[in-house]
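A structural walkthrough
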Amino acid sequence: MAAPGYQLILPAVQVVNTLLASGRWTELLSIIKGFRNGIVYGVKIRAPHALVMTFLFKEGSLLEKLKVIAEATHLHARNLSMFVVLYKTLTTLLRKAEQKPQQYHSFIAAFIGGYYVFGKNNRINEQINLYLLSRILLGLSRLAVQRGIVPTPKYDTFPWFGAMVWGVVLWLFEYHKDVLQPSLQNSMTYLYHDSNVWHSIMDFIVYNRI
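Residues numbered from 1 in each chain as written. Predicted model: local features only at pLDDT ≥ 70, side-chain atom pairs only at ≥ 80, totals over all residues. Heavy atoms only, no water.

Let's talk about the overall build of the chain
For the chain, the helix and strand inventory stands at eight helices and zero strands. Overall, the chain shows an N-to-C arrangement of helices and strands of α-α-α-α-α-α-α-α. At 24 Å, the chain has a C-alpha radius of gyration far larger than the 17 Å of a compact globule built from 210 residues. The principal-axis extent of the C-alpha atoms belonging to the chain is close to 70 × 60 × 30 Å. Burial status across the chain gives 19% buried among its 210 residues. Sequence separation of 24 or more characterises 48% of the internal contacts of the chain that already satisfy a separation of 6 or more. Taking the 21 positively charged and 11 negatively charged side chains of the chain as two groups, their mean positions are separated by 15 Å. (Helix = DSSP H or I, 4+ residues; strand = E, 2+ residues; numbered from the N terminus. Rg over C-alpha atoms; globule rule 2.2 N^0.38 Å. Buried < 20%, exposed > 50% of the residue type's maximum accessible area, 1.4 Å probe, protein only. Contact = heavy atoms within 4.5 Å. Lys, Arg positive; Asp, Glu negative; His and termini not counted. Charge placed at Lys NZ, Arg CZ, Asp CG, Glu CD.)

Concerning the packing of aromatic side chains
Taken as a whole and assessed by the stated rule, the structure comprises seven aromatic pairs. Measuring from centroid to centroid gives 5.5 Å for F83 and F118, while their planes differ by 55°, and the two rings are tilted. Highlighted residues: F83 in helix 3 (residues 62–98) and F118 in the loop between helix 4 (103–116) and helix 5 (123–146), separated in sequence by 35 residues. Looking at F118, the relative accessible area reads 11%, which means it is buried. Between the aromatic rings of Y115 and Y116, the centroid separation amounts to 5.1 Å while the plane-to-plane angle is 80°, which identifies the pairing as edge-to-face. Among the aromatic residues, those joined into a cluster by ring pairs are F83, Y87 and F118. (Phe/Tyr/Trp six-rings, centres within 6.5 Å; stacked < 30°, edge-to-face > 60°.)

Examining the domain arrangement of the chain
According to the domain assignment, the chain consists of domain 1 (25–119) and domain 2 (155–209). The straight-line distance from the C-alpha centre of domain 1 to that of domain 2 is 30 Å. (Domains from an automatic or database assignment.)

Quick look at the packing of helix 6 (residues 158–175) against helix 7 (residues 182–193)
Viewed as axis vectors pointing N to C, helix 6 and helix 7 meet at an angle of 90°, and their least axial separation amounts to 11 Å. Comparing their axes, helix 7 and helix 6 come out roughly perpendicular. Residues W166, V169, L170, F173 and E174 of helix 6 form the contact with helix 7, whose own contacting residues are L184, Q185, M188, T189, Y192 and H193. (Axes fitted to C-alpha atoms, helices over the stretch in contact; angles between N-to-C directions. Parallel < 35°, antiparallel > 145°, perpendicular 65-115°, else oblique.)

Brief notes about the pattern of salt bridges
Side-chain pairs of opposite charge can arise whenever the charged atoms involved come near each other. Per the stated rule, a full pass over the model turns up two salt bridges. The closest approach of N and O atoms between E27 and R95, which form a salt bridge, is 3.3 Å. With E27 in helix 2 (residues 26–57) and R95 in helix 3, the pair connects residues that are 68 residues apart, well separated along the chain. The exposure class assigned to E27 is partly exposed, which follows from its relative accessible area of 31%. Note that K96 is salt-bridged to E27, the shortest N-O span being 3.3 Å. Placement of the pair is K96 in helix 3 and E27 in helix 2, with a sequence separation of 69 residues. Residues joined in a network through salt bridges with shared partners are E27, R95 and K96. (Salt bridge = Lys/Arg side-chain N within 4 Å of Asp/Glu carboxyl O.)

Overview of the packing of helix 3 against helix 4
Direction vectors running N to C along helix 3 and helix 4 enclose 140°, while the axes themselves pass 9 Å from each other. In this structure, the crossing between helix 3 and helix 4 has a hand that is right-handed. Mapping the contact onto sequence places F83, L86, Y87, L90, T91, L94, R95 and E98 in helix 3 and Y104, H105, S106, I108, A109, A110, I112, G113 and G114 in helix 4. For the contact of helix 3 with helix 4, the per-class residue count stands at 10 nonpolar, five polar and two charged. (Left-handed = near helix turned anticlockwise from the far one by under 90°. Nonpolar A, V, L, I, M, F, W, Y, C, P; charged D, E, K, R; others polar.)

So, unusual backbone geometry
Positive phi, normally seen in glycine, also occurs at W25, with a value near 55°. Topologically, W25 is positioned in the loop between helix 1 (4–22) and helix 2. Overall, W25 belongs to the exposed group, its relative accessible area being 54%.

Written out as structure tokens, the structure reads:
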């Protein structure tokens, strides 16, 4: 015999499944699921990253480190879910207003969402925006080649791209370190400066610092 709680839940689930299969309220349901996916994706992306970076570079007690991880994960998930809701709501409204989708709808909706959600200057938004910027530049360069605006390279340009990126970032790190993101500073310091210091085999092989 099923538990009383299960007997109450099952009809509700059946009602929801009927609604989802009916094809009604698709735009609203799409926004709700987008909100859900924003939370899940934000947690999946940020939690492991924050866990590694916090325990590798941050000082403090276990409770303090867990708090940092939780706050970063919450902010990332919240911002993604809020942006998805704004973007999907605005594109739906613009499409209904013009009775068909237009390419500029995506730009306008994301522009507004980006201003209100990812325009707040904090380290999580900074990381996300910089991540997207690199993808945008690569995408625009490929689009320029596809449209014939830029001729197709006759040789592989990726080695020159890698050379320029690493040449500039190490020059900035060595001589203008303060302009780089703190997380990048920490990574570079760990790799290139901490490796210059040791006192015994313990902080040469076993630990970075003791």
